[in-house]
Amino acid sequence: GQNIDQPTEMTATEGAIVQINCTYQTSGFNGLFWYQQHAGEAPTFLSYNVLDGLEEKGRFSSFLSRSKGYSYLLLKELQMKDSASYLCAVRVARGTALIFGKGTTLSVSS
Amino acid sequence: DTGVSQNPRHKITKRGQNVTFRCDPISEHNRLYWYRQTLGQGPEFLTYFQNEAQLEKSRLLSDRFSAERPKGSFSTLEIQRTEQGDSAMYLCASSLETRSGANVLTFGAGSRLTVL
C-alpha cells in the first residue's frame, strides 16, 4: 500500500516560521508536491521536488530527502492568510495520478 | 483561460437518486483527473483520462460510479443509486502531461454532494 503521513494540525503566530513535515512509504517515487487549500476552496499548487534538496519560492521552501522518504514545507514570515490546509502528495511513477496525504491544518494567530 | 470549471457547485439529493457532475478542464491540458475529498481528509484519487482514454480507476471506485470524457475535452462523473456515504466534495483537476517536467495538477473549485 501507499502511505503518506503529515501532522493533523499545527499552530503558529504571525511573523513566525513553521515547518510542516511529510513522510512517505510508497511503491515508487517520481516527485513530491505541496498544495495549499483554504477552507471550501480548491487546492492550489505550491511546490514540487523530484531531486534531493531545497527548493525556494518566496516565503515558501520545500525540502526532499528521497533516501529517508521525507519532505518538509517551510513557511517564513507567516501571515494570517497562510491559515489553511497544506497537502503533501506523491507521484509514484511517471504518468500516474498523485496520492495525497490527509493534510495539515495550519492556524496562524496574531 | 478561466481555469478548471466544475458544475454544479452544490448538489443535494435523496438516497437512491442518480447525480452527474461536469468538469471542463484547461483547454490545452490532455490529462483530466477526478478526486473525492471528505472533511478533514486529503483528496482521494478516483480515476483519470489521457485525452478520451480512461487510463486508471481506483479500486475504491464502486460500479455505481462511472466517468466519461467522450471527446477528450469535458468530462462527466455519474453516481448511480447514491448512498449517504457518497456525500463529499468531488474535485476535478487537469494537467499537461509531458515527458519531463512537474506535470502540475490544476484543480477546480469542486462539486459538493450531499445525500440525504
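Just so you know, these numbers come straight off a predicted model, no measurement behind them.

K.L.:
Teacher, can you tell me more about the overall build of chain A here?
P.N.:
What chain A contains, in helices and strands, is zero helices and 11 strands. For chain A, the N- to C-terminal ordering of α and β elements is β-β-β-β-β-β-β-β-β-β-β. Relative to the compact-globule value of 13 Å for 110 residues, chain A shows a C-alpha radius of gyration of 13 Å, a close match. Taken over the C-alpha atoms alone, chain A extends approximately 40 × 30 × 20 Å along its principal axes. Across the 110 residues in chain A, those meeting the buried criterion constitute 47%. Considering only residue pairs separated by 6 or more positions, chain A has 54% of its internal contacts joining residues 24 or more positions apart. Summing over all exposed atoms, chain A offers an accessible surface of approximately 5200 Å²; the carbon and sulfur share of this is 49%. Between the mean site of the 9 positive side-chain charges and the mean site of the 9 negative ones, chain A shows a separation of 8 Å.

K.L.:
Even after reading the chapter, I still don't get the state of the cysteines, so can you show me in this structure?
P.N.:
Each disulfide consists of a covalent bond between the sulfur atoms of two cysteine residues. Going through the model one piece at a time under the given rule, you end up with two disulfides over all chains. Covalently, C22 of chain A is tied to C88 of chain A through a disulfide, its sulfur atoms 2.0 Å apart. Residues C22 of chain A and C88 of chain A share a disulfide whose torsion about the S-S bond is about -70°; that sign makes it left-handed. Highlighted residues: C22 of chain A in strand β3 (residues 18–25) and C88 of chain A in strand β9 (residues 84–91), separated in sequence by 66 residues. In terms of burial, C22 of chain A and C88 of chain A fall into one category: buried. Covalently, C23 of chain B is tied to C92 of chain B through a disulfide, its sulfur atoms 1.9 Å apart. Between C23 of chain B and C92 of chain B, the S-S torsion sits near -70°, and that sign places the bridge as left-handed. Residue C23 of chain B is found in strand β3 (residues 19–24), and its partner C92 of chain B is found in strand β9 (residues 88–95); the two are separated by 69 residues along the sequence. Note on accessibility: C23 of chain B and C92 of chain B belong to one class, buried.

K.L.:
Explain the nonpolar core here, please?
P.N.:
The nonpolar side chains of a soluble globular protein tend to be buried with one another. With 20 residues, the main nonpolar core has L32, W34, L75, L78, Y86 and L106 of chain A as its most contacted residues. Mapped by element, the contributors of at least two residues to this core are β3, β4 (32–37), β7 (60–65), β8 (70–75), β9 and β11 (104–109) of chain A. F21, A67, A88 and Y90 of chain B belong to the second largest nonpolar core, which has 19 residues in total.

K.L.:
For this particular structure, what's the right way to read the packing of aromatic side chains?
P.N.:
Geometry of an aromatic ring pair is reported as the spacing of the ring centres plus the angle between the planes. Throughout the structure, instances matching the rule amount to 17 aromatic pairs over all chains. Aromatic pair F33 of chain A and Y48 of chain A: ring centres 4.8 Å apart, planes at 45°, arrangement tilted. Here Y48 of chain A lies in strand β5 (residues 44–49) and F33 of chain A lies in strand β4, a separation of 15 residues in the sequence. Accessibility expressed as a relative area gives 0% for F33 of chain A, which makes it buried. Within the aromatic cluster, the residues linked to one another by ring pairs are F33, Y35, F45, Y48 and F100 of chain A together with Y33, Y35, F45, Y48 and F107 of chain B. Here the guanidinium or amino end of R22 of chain B rests over the ring plane of F74 of chain B, the centre of that ring lying 3.9 Å away.

K.L.:
Would you mind showing me how to read the environment of Y90 of chain B here?
P.N.:
Residues and elements named next belong to chain B. Position of Y90 among the secondary structure elements: in strand β9. Along the backbone, Y90 and Q17 are 73 residues apart, and their C-alpha atoms lie at a distance of 17 Å. Apart from residues lying up to four places away in sequence, Y90 is in contact with Q6, F21, Y35, R36, L46, F65, L77, I79, G110, S111 and L113.

K.L.:
Even after reading the chapter, I still don't get the sheet that holds β8 of chain A, so can you show me in this structure?
P.N.:
Within a sheet, adjacent strands bond to each other through the backbone by hydrogen bonds, running parallel or antiparallel. Residues and elements named next belong to chain A. The strand order across the open sheet built from five strands is β1-β3-β8-β7-β6, with neighbouring strands paired in antiparallel fashion. Edge strands, defined here as strands with exactly one partner in the open sheet, are β1 (3–5) and β6 (53–57). Averaged over all adjacent pairs, the angle separating strand axes in this sheet is 15°, with direction ignored.

How each quantity is defined
- Residues numbered from 1 in each chain as written.
- Chains lettered and ligands numbered in written order.
- Predicted model: local features only at pLDDT ≥ 70, side-chain atom pairs only at ≥ 80, totals over all residues.
- Heavy atoms only, no water.
- Helix = DSSP H or I, 4+ residues; strand = E, 2+ residues; numbered from the N terminus.
- Rg over C-alpha atoms; globule rule 2.2 N^0.38 Å.
- Buried < 20%, exposed > 50% of the residue type's maximum accessible area, 1.4 Å probe, protein only.
- Contact = heavy atoms within 4.5 Å.
- Areas by Shrake-Rupley, 256 points an atom, 1.4 Å probe, with all protein chains shown as cover.
- Lys, Arg positive; Asp, Glu negative; His and termini not counted.
- Charge placed at Lys NZ, Arg CZ, Asp CG, Glu CD.
- Disulfide = S-S within 2.5 Å.
- Core = buried A, V, L, I, M, F, W, Y, C linked by side-chain atoms within 4.5 Å.
- Phe/Tyr/Trp six-rings, centres within 6.5 Å; stacked < 30°, edge-to-face > 60°.
- Lys NZ or Arg CZ within 6 Å of the ring centre and 35° of its normal.
- Pairing = 2+ DSSP bridges.
- Axes fitted to C-alpha atoms, helices over the stretch in contact; angles between N-to-C directions.

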